[in-house]
Amino acid sequence: MQLSGRIALITGAGQGIGKAIALNLASYGADVAVVDVNLENAEQTAKEARTMGRKALALKVDVSNLKETEEMAEKVFKELEGIHILVNNAGITKDGLILRMTEDDWDRVIDVNLKGAFNCTKSILKYMSKMRWGRIVNIASVVGVMGNAGQANYAASKAGLIGLTKSIAREFAGRNITCNAVAPGFIETAMTNALTDKIKEDLLKQIPLGRFGGPNDVAMGVLFLASNASSYITGQVLNINGGMVM
Ligand code: NAP
């Protein structure tokens, strides 16, 4: 799964799962473009990648804005001299039962989680096509597979991401570009820290492996899908959830 000579762009890589993905890809040899709305955090991830001897570029980008993602793709292609791997990881939650969910909360979650992946994919594909080798990995969620009360916007965005994954896989298979999704279960990050102890206890009971996942559990699955080792796999969803859904 060596990635020497590969260039990877990871969104939402300033913290949490995205940061673990970026540093794991870097530790296997990839140069990385670290994209986040929080530039300070992105700079920190890039700094850590540079200590491994990799080239790393930190960029402040709101993935929901197509103009920004187009500028991002052009800059990464020029400065890192290519793009082989795209990981659409940036994501947010704005939870609430559907009758109380505001239109703004619906729109923002769809804009970042689903349209953000569309924007980044569309922006990089013209450059990735020139490389004659490409890997796109979309970070979906177990919730996109099974639904969740109180997360209609988030579940719809993640289920949409799975449909997007399969469509891109079909459109770009002929150009040696694969597109797969990873659907994590409960992973300990800032996003899940906000849940109450009661909710965490209830969730733990549904996980056969008896523990919550860590960002590196997801990062290892992404590494596989971003490498040569997965060259005959496209349009698939890899569930990383401790057995929560089988
Ligand atoms: P996190 O700790 O909140 O990290 C998400 C990162 O994305 C943050 O650095 C955030 O910046 C950034 N971001 C938010 N909006 C953005 C935008 N519009 N453009 C660019 N960057 C943006 O979340 P996480 O737990 O690592 O989650 C990463 C991904 O995994 C998400 O797609 C999430 O849905 C998915 N996931 C997580 C879990 C879990 O249990 N944690 C489970 C399944 C799937 P700010 O913090 O500054 O907003």
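Residues numbered from 1 in each chain as written. Predicted model: local features only at pLDDT ≥ 70, side-chain atom pairs only at ≥ 80, totals over all residues. Heavy atoms only, no water.

Draft legend 1. Molecular detail of the side chain of asparagine 24. Structurally, asparagine 24 is set in helix α1 (residues 16-27). On the basis of relative accessibility, which here comes to 10%, the residue asparagine 24 falls in the buried class. (Helix = DSSP H or I, 4+ residues; strand = E, 2+ residues; numbered from the N terminus. Buried < 20%, exposed > 50% of the residue type's maximum accessible area, 1.4 Å probe, protein only.)

Draft legend 2. Just the side chain of threonine 121, in detail. Tracing the sequence through the fold places threonine 121 in helix α4 (residues 103-131). When neighbours within four sequence positions are excluded, threonine 121 is seen to be in contact with Leu86, Asn88, Ile136 and Ile168. (Contact = heavy atoms within 4.5 Å.)

Draft legend 3. Layout of the environment of methionine 246. Position of methionine 246 among the secondary structure elements: in the segment after β7 (237-240). Relative accessible area serves as the criterion here: at 87%, methionine 246 is assigned to the exposed category. C-alpha separation for the pair methionine 246 and glutamine 2, spaced 244 residues apart in sequence, amounts to 30 Å.

Draft legend 4. Layout of the sheet that holds strand β2 (residues 31-36). Overall, parallel pairing links the seven strands, which are arranged β3-β2-β1-β4-β5-β6-β7 in an open sheet. Lying at the two open borders of the sheet, with one neighbouring strand each, are β3 (56-60) and β7. If you compare each strand with its neighbour and ignore which way they point, the axes differ by 15° on average. With four bridges connecting them, strand β4 (residues 85-88) and strand β5 (residues 134-139) associate as parallel partners. (Pairing = 2+ DSSP bridges. Axes fitted to C-alpha atoms, helices over the stretch in contact; angles between N-to-C directions.)

Draft legend 5. Quick peek at unusual backbone geometry. With phi around 65°, glutamate 81 is a residue other than glycine that occupies positive phi space. As for its placement among the helices and strands, glutamate 81 is situated in the loop between α3 (66-79) and β4. A relative accessible area of 60% means that glutamate 81 is categorised as exposed. Unusually for a residue other than glycine, asparagine 176 sits at a positive phi of about 65°. Among the structural elements, asparagine 176 can be located in the loop between α6 (152-172) and β6 (177-184). Overall, asparagine 176 belongs to the partly exposed group, its relative accessible area being 40%.

Draft legend 6. View of the packing of α4 against α6. Close contact between α4 and α6 brings their axes to 8 Å; oriented N to C, the two are set at 15°. Looking at the two axes, α4 sits roughly parallel to α6. The handedness of the crossing between α4 and α6 is right-handed. In this structure, α4 uses Asp105, Trp106, Val109, Ile110, Asn113, Leu114, Ala117, Phe118, Thr121, Leu125 and Ser129 to contact α6, whose residues at the interface are Ala152, Asn153, Tyr154, Ala156, Ser157, Lys158, Gly160, Leu161, Leu164, Ile168 and Phe172. A class-by-class count of the residues in the contact of α4 with α6 yields 14 nonpolar, six polar and two charged. (Parallel < 35°, antiparallel > 145°, perpendicular 65-115°, else oblique. Left-handed = near helix turned anticlockwise from the far one by under 90°. Nonpolar A, V, L, I, M, F, W, Y, C, P; charged D, E, K, R; others polar.)

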